Amino acid sequence: MLNLIQNEWMKLWHQKATWAMLGILVVIIIAFSGLNKYYEERETRDWHTVEKEQIETYTQILAEEDAASNSYIQDEITISEYRLAHDIAPPNGMTVADFMDFGVDLITIVTLFAVIVGASIVSSEFSTGTIKMLLTRPASRAKILTSKLVTTFIYGLFMLAVNFALVWIVAFILFNGNTGTLLEVVNGQVQEVNVWKNLMEVSSLSAGNFIMSVLFAFLIGSVFRSSALAIGLTMFLSFMGGMVVMLLSKYSFAKYIWLAHTDLTQYANGGQHMLTGVTMPFSITVLAVYALIFLVISYWSFMKRDVTA
Amino acid sequence: MAQQPIVQLRNLTKVIRGKKLIDSLNLDLYPGQITGFLGPNGAGKTTTIRMMTGLMHPTEGEVLIEGQSLQGHYEEAISKVGVIVENPEMYKYMSGYKNLLHFARMHRQVSKERIDEVVRQVGLEKRIHEKVSTYSLGMRQRLGLAQALLHRPKFLILDEPTNGLDPAGIREFRTYLRKIAAEEGVSVFVSSHLLSEIELMCDRIAIIQNGQLIDIREMHNEAETVYYVEAEPLAKVQEVAQQLQIEYIVQAKGLELQIPKEQVPQLVNELVAQQVNIFAIQPQQKTLEEQFLEMTGGGQIAESHTK
Ligand SMILES: Nc1ncnc2c1ncn2[C@@H]1O[C@H](COP(=O)(O)OP(=O)(O)OP(=O)(O)O)[C@@H](O)[C@H]1O
Ligand SMILES: [Mg+2]
């Protein structure tokens, strides 16, 4: 099995597309960080003065506006007063944590890259005819498919690791000087925002979309043996899926469509699912069932069908 | 033959969408023997070979390799088989060597030394580290042969392996197959349209038409031979033939006599006794091509045979 994965890994990195995707990721990170550094606006005055000014402006607005939009402004005033009282500086310019947030956004791109690999890792063997060389070996078809699936996920994880490592390094080099603490008001109490915990939470919830997209692309790629179809369909569903679920939301079966659950990040920071009454355990169960279905169809089709390529 | 067959096809049948492409094929292949697989286009050679290598699942019947069912014990059975199905497609973006390394890893115990040895055998040493996309057709065929031989298979299945090889390549290939068959007892099953090739290479041929095996015959068997005799006067020769009850056909300068090999000396003695001037006596074996065309009825591609 290890040999098979080693083989898939070797083939993957001998293809230009694999390197191109890595290159694109690196370029995006570096370009974005450069732009941010270039356009970064930093406060040059002492932060105490700025906070005092802000309290004055907000109090004025508060006096003029009606009560509805008040809670946000009220919280801002509370936070500024808290800073002055306890001598806690606000972040100045972009911080390392802000920039890591960008790394979390890039998970979408990495997911797309993993989808491309998952979609073509099986189908390309058929389109080039190498499948008959691969299957006439003492390795069962199940093992071969497994090695391809595992390799796709290893590639995805590798790209995620590259993404976060690079974003962190760049953030550290460019923005490490920018310190300060982010505060928020929860139930009338001022407290420090745990930015790292939030990053972790959103990242791990992104796994839902990542895993389901890859499995779906893998399914279409191995059943229809066409990578274009697999990539196209997966992308289409990930863009349009939310809309489809919205349209169907008045029917009760809508919550049994896996597309309604792929975006688990809606639960981040105590968020709610867009369909009423749907909880995170329910979402995860639905996803798990669909993941199993996708896998069963992929394996069944790959193992049973004749190879005429 | 006293030996146990390495490969047995038992009642092998393939039906696709109601069409019977392969119809109850039975065939045994023996160690050390090279069997040619002939048939017109669309006869079902590739389909049979795909079933023998597990690429297609038979509708009925089975393929046994050393007594083990290919369907039941796939990994064990296929590890004894080396395969080229139609064109050997390789990973074009990798070097020939990396391709071989890739396939070697899928077998137990194929060492680096073995890879080098095979590369030398197929004569690719100079180009093996270049990308396959830069190879010529014949070089790809050689690489294809190399991957089929890597794990020292006991049984080699080749679907049109000489396609694209140059004359020297074909000759080397033939010599090599004969060598591994004779020395290592490898059983070879080779389909080809090059009848002269098959004739030179094979011990035995199986002929398939419309999905049915219509003939299996040993090559070089001279049971029913025709001898051409050029002599003067022809009338005397005819007399002798009639005396000895030999069938003959009169040709311009001689006779074609249907006569077993053992009877040839007797005939010669008789002719000499009758003071006939003999210029030549030569065996007239029908070429495989003639036999093949006779049996399969010319070049027509059979209609898709529904049943
Ligand atoms: N997947 C398929 N579906 C339907 N019919 C098929 C399929 N594959 C092959 N056939 C049919 O099966 C028959 C045998 O085809 P096959 O490729 O085995 O012939 P062949 O003997 O290898 O011919 P050639 O000498 O041209 O290589 C043909 O009539 C072909 O049309
Ligand atoms: Mg063929």
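Caption draft 1: Quick look at the sheet that holds strand S11 (residues 226-232) of chain B. All names here are of chain B. What the four strands build is an open sheet, ordered S12-S13-S11-S14; its pairing is antiparallel. Looking at strand neighbours, the two that pair on one side only are strand S12 (247-250) and strand S14 (277-283), the edges of this open sheet. Along the sheet, successive strands turn relative to each other by an average axial angle of 25 degrees, direction set aside. Direction of pairing for S12 relative to strand S13 (residues 254-258): antiparallel, over a ladder of four bridges. Along S13, the bridge assignment pairs Val250 with Leu255. Of the strands in this sheet, S11, S12 and S13 are in contact with helix H8 (residues 234-243), which crosses S13 at around 15 degrees. In this fold helix H9 (residues 264-273) packs onto S11, S13 and S14, with an angle of close to 165 degrees to the strand it touches most, S14.

Caption draft 2: Representation of the confidence of the model for chain A within the structure. Looking at chain A, the pLDDT average stands at 85 and 98% of residues meet or exceed 70. When mean pLDDT is compared element by element in chain A, helix H1 (residues 2-13) of chain A scores highest at 94, while strand S1 (residues 183-186) of chain A scores lowest at 77.

Caption draft 3: Spotlight on the side chain of Ser95(B). All names here are of chain B. With respect to the helices and strands, the residue Ser95 is situated in the loop between strand S6 (81-84) and helix H3 (96-105). Since its relative accessible area comes to 11%, Ser95 is described here as buried. A distance of 3.1 Å separates a polar side-chain atom of Ser95 from the backbone nitrogen of Lys98. Residues contacting Ser95, with those up to four places away along its chain left out, are Ile128, His129, Glu130, Lys131 and Val132.

Caption draft 4: Summary view of the site of ligand 1. Taken together, 13 residues form the shell around ligand 1, and within it Gly42(B), Lys45(B), Thr46(B), Thr47(B) and His193(B) come nearest. Chains contributing residues near ligand 1 are chains A and B. In the environment of ligand 1, an oxygen atom lies 3.3 Å from a nitrogen or oxygen atom belonging to the backbone of Ala43(B). Relative to its free-state accessible area of 640 Å², ligand 1 is covered by the protein chains to the extent of 71%. In terms of residues, the shell around ligand 1 owes the most to one element, helix H1 (residues 45-52) of chain B, which gives three residues.

Criteria and thresholds
- Residues numbered from 1 in each chain as written.
- Chains lettered and ligands numbered in written order.
- Predicted model: local features only at pLDDT ≥ 70, side-chain atom pairs only at ≥ 80, totals over all residues.
- Heavy atoms only, no water.
- Pairing = 2+ DSSP bridges.
- Helix = DSSP H or I, 4+ residues; strand = E, 2+ residues; numbered from the N terminus.
- Axes fitted to C-alpha atoms, helices over the stretch in contact; angles between N-to-C directions.
- Contact = heavy atoms within 4.5 Å.
- pLDDT = per-residue confidence, 0-100.
- Buried < 20%, exposed > 50% of the residue type's maximum accessible area, 1.4 Å probe, protein only.
- Polar contact = N/O pair within 3.5 Å; in protein donor to acceptor, adjacent residues only side chain to side chain.
- Near = heavy atom within 4 Å.
- Areas by Shrake-Rupley, 256 points an atom, 1.4 Å probe, with all protein chains shown as cover.

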